[in-house]
Amino acid sequence: KEAKTQNGDKKAKNSVKVEKSPESVLHLMSLAELNLFFESNSYCDGYVPSCVDSSLYSTVSSRNVPNTYPHLLRWLRHMKSFSMPFTQKKENPGDEGAEVPASIDVVQLDVEALKPLTVNQLKKVRTMVDDKMKSVSRLFKMNIYQLIYNNDFGLQDENAVVCTYGDVNVRKKYSHFDLIHMIDGVDSEAGAITAGGRGYYLK
């Protein structure tokens, strides 16, 4: 069954689904149906205001919309804040089966060559670029491995010493860890109970 509102508009029980052209369908809806539609939709078509919103706004704004349609009123107030009319239309993604032109070189991409492509073709170009990057990365790793395996960098005794830091001939007998325990300067067992394995208390 359908419920009638105070002004005689029929109110659908379920949410309104737009399967045909949004502009043609929405203009045929009653105020109650539009209110139900905007309960779960911010705009007429998609996620940004478009020319469909502009066309519908010019029609609905001239009518007396009662307070019983809060979602429709919210959409009207929101549309009023924009500069009308909208000229932005939803971009056509193109044919999903359209192949990328053979002239497109994924190694040296040209912006001008990409401009005529559709959205679906650009998605395929992105996949081609990702595959090429994986292939190059795999080849690079193989070449590095081959260089190391063949010892193309030269034998160890043939390598030249470029520079050294510090005195490489000095060999310290004890580390700071050894010294602090030799003088019995810390209580590591009590520190480990409090803060874990590296905790300590100075004596």
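Attention in this report is confined to the structure presented alongside it.

Analysis parameters
Residues numbered from 1 in each chain as written. Predicted model: local features only at pLDDT ≥ 70, side-chain atom pairs only at ≥ 80, totals over all residues. Heavy atoms only, no water. Helix = DSSP H or I, 4+ residues; strand = E, 2+ residues; numbered from the N terminus. Buried < 20%, exposed > 50% of the residue type's maximum accessible area, 1.4 Å probe, protein only. Contact = heavy atoms within 4.5 Å. Areas by Shrake-Rupley, 256 points an atom, 1.4 Å probe, with all protein chains shown as cover. Salt bridge = Lys/Arg side-chain N within 4 Å of Asp/Glu carboxyl O. Axes fitted to C-alpha atoms, helices over the stretch in contact; angles between N-to-C directions. Parallel < 35°, antiparallel > 145°, perpendicular 65-115°, else oblique. Left-handed = near helix turned anticlockwise from the far one by under 90°. Nonpolar A, V, L, I, M, F, W, Y, C, P; charged D, E, K, R; others polar. Core = buried A, V, L, I, M, F, W, Y, C linked by side-chain atoms within 4.5 Å. Phe/Tyr/Trp six-rings, centres within 6.5 Å; stacked < 30°, edge-to-face > 60°. Patch = residues over 30% accessible without salt bridge, like charges linked within 9 Å, V, L, I, M, F, W, Y side chains within 5 Å. Polar contact = N/O pair within 3.5 Å; in protein donor to acceptor, adjacent residues only side chain to side chain.

1. What about the overall build of the protein?
- Looking only at helices and strands, the protein features 8 helices and 4 strands.
- Helices (α) and strands (β) of the protein occur, in sequence order from the N terminus, as β-β-α-α-α-α-α-α-α-β-α-β.
- Sorting the 203 residues of the protein into buried and exposed places 22% on the buried side.
- Counting only contacts in the protein whose residues sit at least 6 apart along the sequence, the fraction spanning at least 24 positions is 44%.
- When the accessible area of the protein is evaluated, it comes to approximately 16200 Å², of which 53% is carbon and sulfur surface.

2. Considerations on the pattern of salt bridges
- In total, this model carries 2 salt bridges according to the counting rule given.
- A salt bridge links Glu112 to Lys115; its shortest N-O distance comes to 3.2 Å.
- Asp184 is the partner of Lys203 in a salt bridge, and the nearest nitrogen-oxygen pair spans 2.6 Å. Of this pair, Lys203 sits in the segment after strand S4 (201-202) while Asp184 sits in the loop between helix H7 (176-182) and strand S3 (186-187), and the two are 19 residues apart along the sequence.

3. Let's talk about the packing of helix H3 (residues 51-60) against helix H4 (residues 70-80)
- In the contact formed by H3 and H4, the axes pass within 11 Å of each other and the chain directions differ by 115 degrees. Taken together, the axis directions place H3 and H4 in an arrangement best described as roughly perpendicular. As H3 packs across H4, the resulting crossing turns out to be left-handed. Together, Asp53, Leu56, Tyr57 and Val60 of H3 and Leu72, Trp75, Leu76, Met79 and Lys80 of H4 make up the contact between the two elements.
- Taken together, the residues that form the contact of H3 with H4 break down as 7 nonpolar, no polar and 2 charged.

4. Remarks on the nonpolar core
- Leu72 and Trp75 are the most contacted members of the largest nonpolar core, which has 21 residues in total.
- Listed by contribution, the elements that provide at least two residues to this core are helix H1 (22-26), helix H2 (31-37), H3 and H4.
- Each residue touching Trp75, except ones within four places of it in the same chain, is listed here: Phe38, Ser42, Tyr43, Cys44, Asp53, Leu56 and Tyr57.
- Counting 7 residues, the second largest nonpolar core, distinct from the first, contains Val100, Ile104, Val125 and Val129.

5. Focus: the packing of aromatic side chains
- Applying the stated criterion to the full structure yields 3 aromatic pairs.
- Seen from their ring centres, Phe38 and Trp75 are 4.6 Å apart, and the 15 degrees between their planes marks the pair as stacked. Highlighted residues: Phe38 in the loop between H2 and H3 and Trp75 in helix H4, separated in sequence by 37 residues. Accessibility classification places Phe38 together with Trp75 in one group, the buried group.
- Where Tyr57 meets Trp75, the ring centres are 6.4 Å apart and the plane angle is 65 degrees; that geometry is what we call edge-to-face. Here the residue Tyr57 occupies a position in helix H3, and Trp75 occupies one in helix H4, the gap between them amounting to 18 residues.
- Under the relative-accessibility criterion, Tyr57 is labelled buried at 17%.

6. Examining a nonpolar patch on the surface
- There is a patch of nonpolar side chains on the surface, built from Tyr174, Leu179, Met182 and Ile183 and spanning about 430 Å² of accessible area.
- By the element assignment, Leu179 lies in helix H7.
- Assessed through its relative accessible area of 43%, Leu179 is described here as partly exposed.

7. With respect to helix H8 (residues 188-195)
- Its side-chain oxygen at 3.4 Å from the backbone nitrogen of Glu189, Asp187 defines the N-terminal cap of H8.
- With its phi angle positive at about 105 degrees, Gly196 sits one or two positions after the end of H8.

8. So, the side chain of Asn120
- Relative to the assigned elements, Asn120 resides in helix H6 (residues 119-149).
- Residue classification places Asn120 among the buried positions, given a relative accessible area of 12%.
- Apart from residues no more than four positions distant in its own chain, Asn120 is found in contact with Pro93, Gly94, Asp95 and Glu96.

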